[in-house]
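Read off the chains here:
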Amino acid sequence: MVILVVRFYQLLFILLLLCTICLNGCWNSKELSDIALVTGMGFDKEKVDSQEVIMTSQVIIPKEHPSMAGAAESTSEENKPYTNLTQKGVSIFDAVRKTNAFYSNKQFWGHLKTVIIGKNAAKAGINSYMDFLIRDHELRRQAYILISEKKPETILGLMADMELIPSITMQGLVESARFSGFASSVNLQNFLSRLMSESTAPIAALVKTKKHEANALPHVYGTAIFSKGKQARLIGKLNEHETRGFLFVIGQVKSGIVSFKYPPTEEIVSIELLSNKVAIKPLFKKKGPVFQVTLKIIGALGEQLYLGDLTSFQAKAKLNRLFAQEVRREVMKSMAKAKKLKADIYGFGEIIYQKNPHYWQKIKKNWPEIFAKSEFDLKIKTRIKYSGLIIKSPISN
Amino acid sequence: MYKTQKLVQNTSIKGASYLINYFGRLMRFIQYGRNKQVLAKYVKIKQVLSTSLSENLTTFREIMGSSYDIKMREFVIGNSEQTKGAVVYIEVLTDREAINQNIIKPLIYDVHLYDLQPDRIEMRQIQNMIISESISGITSDFDELVEACLYGNVLLLVDGCQEAMMIEAQGWESRGIEQPETEIVIRGPREAFTEVLNQNISLIRRKVNNPNLRLQIHKIGRQTKTRVCTVYIEGIVNPKLINEVNSRLKGIDTDAILESGYIEQFIEDESISPFPTISHSEKPDIIVAKILEGRIAIVVDGTPFVLALPMFFVEVFQTAEDYYIRPFYATFLRIIRVMAFFLSTLSPALYVALSTYNQELIPTSLIITMAGAKQGTPFPAVIDVLIMVITFEIIREAGVRLPRAVGQAISIVGALVIGEEAVSAGLVGAPVVIVIAITAISSFVIPAQINIIILLRFIYITLAGLFGFFGIMLGLVGMIIHLAGLRSFGIPYLAPFAPLEPQGLKDSIVRLPFWGIFFRPPFLGKINRQRRAPQQKPQPDQQNN
């Protein structure tokens, strides 16, 4: 009898050992057919001071995607390859889980492309809502952040022609903004590092709708500026040219067209930007820090409506001067706006901290005021490297 | 309360020890059995021959039984009618023409030419003067005589002599030398080994015209007494290796050796491993190349597959043709083979891990398609993959074993089942089919080692299904630890990589031109490492410039 009991426990022990091998691994596995791919999310509030958050997540319906065999050729309202799930909640995660009441698949956030934040939520402050985006293990910080005047669900419902899923369209638009320099592309990682910095103000791109024939199309432009402090609140905007001025200073203009009038005939000349290098040197004066900003910009003659020869030595010097003047105008405009908002969007505070930490300790308390009063010594060196396939306009005499 | 706790604790410790015990018992069950094997001894009536011919023939008849092919022909030597002689041979193993012309005829007609006295004839005299066939010996030992007879020798007995002569007059039907079935080359010799030992040895001898080529014959198998021949080159091979191989071969005590695989399983270092530590080939050029590198070949009578040992793991990725074509392309092909090895073992597991654990690693546009294909299929991804892998293996095995004429039907059914119907029936998604197709095609790149790949594939699929990428990494680490621990006749299996042997790397995954490789592979041919003169790179004559 005793032997039987012992044998039973032995058998049980072996079975339990086998169970540990077989049962523990699958806890985290999710089948592809059970997950809902979220590529875009947006959140807003009804009013600036309302408690509840309105959360929209854009979920892909793979069967309707044109890459699948059997999906409809043309997409109409009935068979869109995505659906927007909107739900109110006291927190974002709360709203997300409430959607499971009418959408069975569990949302999977690993492929999030865009986060659209509504105007009201942005004005109320977004620090608290960022928590979910950092805390959740599925999320990756490559999603672009866009601030919208309209409701996020409207923006997430705009169909563009090339890509059928609006959130992926939006990702493409932000990424292509680097060819014009007219919108700052900020992903979650950039946004968070600015949010966590002592002095640098968080920024994001803006999105609005634009009428195009019968449809409304999304339009990504400019820069939204947030305040520092406990809650990052939307305090101002930079328009397209101010944005490029700002991007020149942080050295992120990868490409773009700078157009200006060529004096004698006041006809337009366009320069394509090829490279943009910045050197910022802070000088610690008694009255406050002075920043020596040196821009080295290389461009190519892209188009001239002026019919004269611009490749001569004198013309080139003049062209360089005008080019630098135009760049300076854009940079100064952005700086005026930033100073007015007392928002250090350039990260000058960080530069001071790196160069002279003791000095930074002294001034960091009232850095916004100091930033607003500090001087900028802007030097712009331009060079026009190429003139394309022709030297002067072929139709000129 | 306390007691039960203690009982549980005790049993858990005891359980572990019993688990080990069960394993030990299992191993004992596999390894040991009671030695009940009965020797196939013939009835030993006498150890040595007697002087009486009729008595000897009776003994032979008793030993060999009354099989129809055993012939005993008595005749009279010379024309004196005084001395009788007899030949004993097995008809199907001997050349009848040779026996008649070269043994019986001279004994009957030519004895008087030599001034022999038929009444006092001696074996030496017959050997020296009469028999023109080659003679393997003269003995009076019955065991030896019977054995010689069974290998196709003709035994000549003379009345009054206490000795018998063993005359080599073998002759039997065998197939000719054909093209290899398993190792096909585009450039390189096209001959392959056959089932006949001597023919195989001749194929090797013809390539190495060197007196140092040594052959050692072993007779293994209680019932079959199969001839097993070790081939090596004296002066290149490590003498310790020869001793080791000989002692392992001598240790084999089995009833039969029907193929070289029997030998392989008895003498390999690590039997419980999916990886082979002895290579085999049916092409003489490969075997000769291995002998020249300081290895030992084992030729087994009755099979075209010749063993070569020791073996490195890199040899899995090498073919004979690598050395016949130019080095750049050879290196490229070896890299392709390594890639195919990993693709074939890992791709189904990677698919499982990616699609059930790490969806964020798949590009968005791909995951949309994959999710769309997965929708509506009933099983989890692991089961999908297992179904398809097993289906493919069944189809492949059916294709290998079936007669050629029916084989085509299998490929049509297989293409339909795997390619089309599984998807349209909603059993699995289309991406699974693609993964299986890549897996299957890749596994054919290394046809000789397909068995390792298939076994590992199942292990990795299971691990990926249970633990995702963590499981795959676990499996890979385990595989590398296992490989690093393997030895082939005392030589590390992963050489020249681990332990690192820079000279050996010249002919591993990379193959340098021949003027760059001037040493034999590491650990082989220790006493004679250099195989070529260095600085043989073709270049213009310096003096004529």
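Residues numbered from 1 in each chain as written. Chains lettered and ligands numbered in written order. Predicted model: local features only at pLDDT ≥ 70, side-chain atom pairs only at ≥ 80, totals over all residues. Heavy atoms only, no water.

Colleague: How do you make sense of the environment of A:Met41 when you look at a structure like this?
Modeller: Residues and elements named next belong to chain A. Examined against the element boundaries, methionine 41 turns out to sit in strand β1 (residues 35–44). Here methionine 41 falls in the buried class, since its relative accessible area comes to 0%. Considering only alpha carbons, one finds methionine 41 and serine 57, 16 residues apart in sequence, at a separation of 4.3 Å. Not counting the four nearest positions on each side in its chain, methionine 41 is found in contact with Met55, Thr56, Ser57, Ile92, Trp109, Leu112, Thr114, Val115, Ile116, Leu133 and Leu156. (Helix = DSSP H or I, 4+ residues; strand = E, 2+ residues; numbered from the N terminus. Buried < 20%, exposed > 50% of the residue type's maximum accessible area, 1.4 Å probe, protein only. Contact = heavy atoms within 4.5 Å.)

Colleague: How should I be thinking about helix α10 (residues 348–355) of chain A in this particular structure?
Modeller: In an α-helix, one turn spans 3.6 residues, which is why side chains three or four residues apart end up on the same side. Listed as buried for α10(A) are A:Phe348, A:Gly349, A:Ile351 and A:Ile352. Down the axis of α10(A), the smallest arc covering the buried residues is 160 degrees, so these residues share one side. (Arc of directions from axis to C-beta.)

Colleague: Honestly, the domain arrangement of chain A in this entry has me stumped. Any pointers?
Modeller: One frequent convention defines the size of an interface as the accessible area lost when the parts assemble. Residues and elements named next belong to chain A. Each assigned domain of chain A is listed with its residue range as follows: domain 1 (36–67 + 78–238) and domain 2 (241–397). Relative placement of domain 1 and domain 2: their C-alpha centres are 31 Å apart. Counting residues at the interface gives 21 residues for domain 1, matched by 21 residues for domain 2. Both sides of the domain 1 and domain 2 interface together cover about 1700 Å² of buried area, and 61% of this is carbon and sulfur. The largest per-residue losses of area from domain 1 upon contact with domain 2 belong to Phe182, Ser199 and Leu238, which jointly make up 31% of the total buried on that side. Linking domain 1 with domain 2 are 1 salt bridge, by the criterion used here. Note that lysine 364 and glutamate 198 form a salt bridge whose closest N and O atoms lie 3.4 Å from each other. Taken together, the links from domain 1 to domain 2 amount to 9 residue pairs in polar contact (both at pLDDT 80 or more). The set of elements that each furnish at least two residues to the side of domain 1 that touches domain 2 consists of β8 (215–226) and β9 (234–238). Per element, the largest residue contribution to the side of domain 1 that touches domain 2 is 4 residues, and it comes from β9. Of the residues in the side of domain 1 that touches domain 2, the class split is 8 nonpolar, 9 polar and 4 charged. (Domains from an automatic or database assignment. Buried area = accessible area lost by both parts, 1.4 Å probe. Salt bridge = Lys/Arg side-chain N within 4 Å of Asp/Glu carboxyl O. Polar contact = N/O pair within 3.5 Å; in protein donor to acceptor, adjacent residues only side chain to side chain. Nonpolar A, V, L, I, M, F, W, Y, C, P; charged D, E, K, R; others polar.)

Colleague: Where do I start with the pattern of salt bridges in this structure?
Modeller: Two side chains of opposite charge can pair, provided their charged atoms sit close to one another. Residues and elements named next belong to chain A. Scanning the model with the defined rule gives 37 salt bridges over all chains in all. Here aspartate 131 and arginine 135 are joined by a salt bridge, their closest N and O atoms 2.8 Å apart. Of this pair, aspartate 131 and arginine 135 both sit in helix α4 (residues 127–135), separated by 4 residues, roughly a single helical turn. On the basis of relative accessible area, aspartate 131 is assigned to the partly exposed category, the value being 34%.

Colleague: How do you make sense of the interface of chain A and chain B when you look at a structure like this?
Modeller: Taken together, the 36 residues of chain A in the interface contact 31 residues of chain B. With both chains or domains summed, chain A and chain B bury close to 2900 Å², and 69% of this area falls on carbon and sulfur atoms. The largest contributions to the chain A side of the interface with chain B come from A:Gln10, A:Glu31 and A:Leu32, which together make up 22% of the buried area. Where chain A meets chain B, there are 0 salt bridges. Between the two partners, chain A and chain B, sit 8 residue pairs in polar contact (both at pLDDT 80 or more). Here the element with the most residues in the side of chain A that touches chain B is helix α1 (residues 2–23) of chain A; it accounts for 10 residues. Taken together, the residues that form the side of chain A that touches chain B break down as 18 nonpolar, 12 polar and 6 charged.

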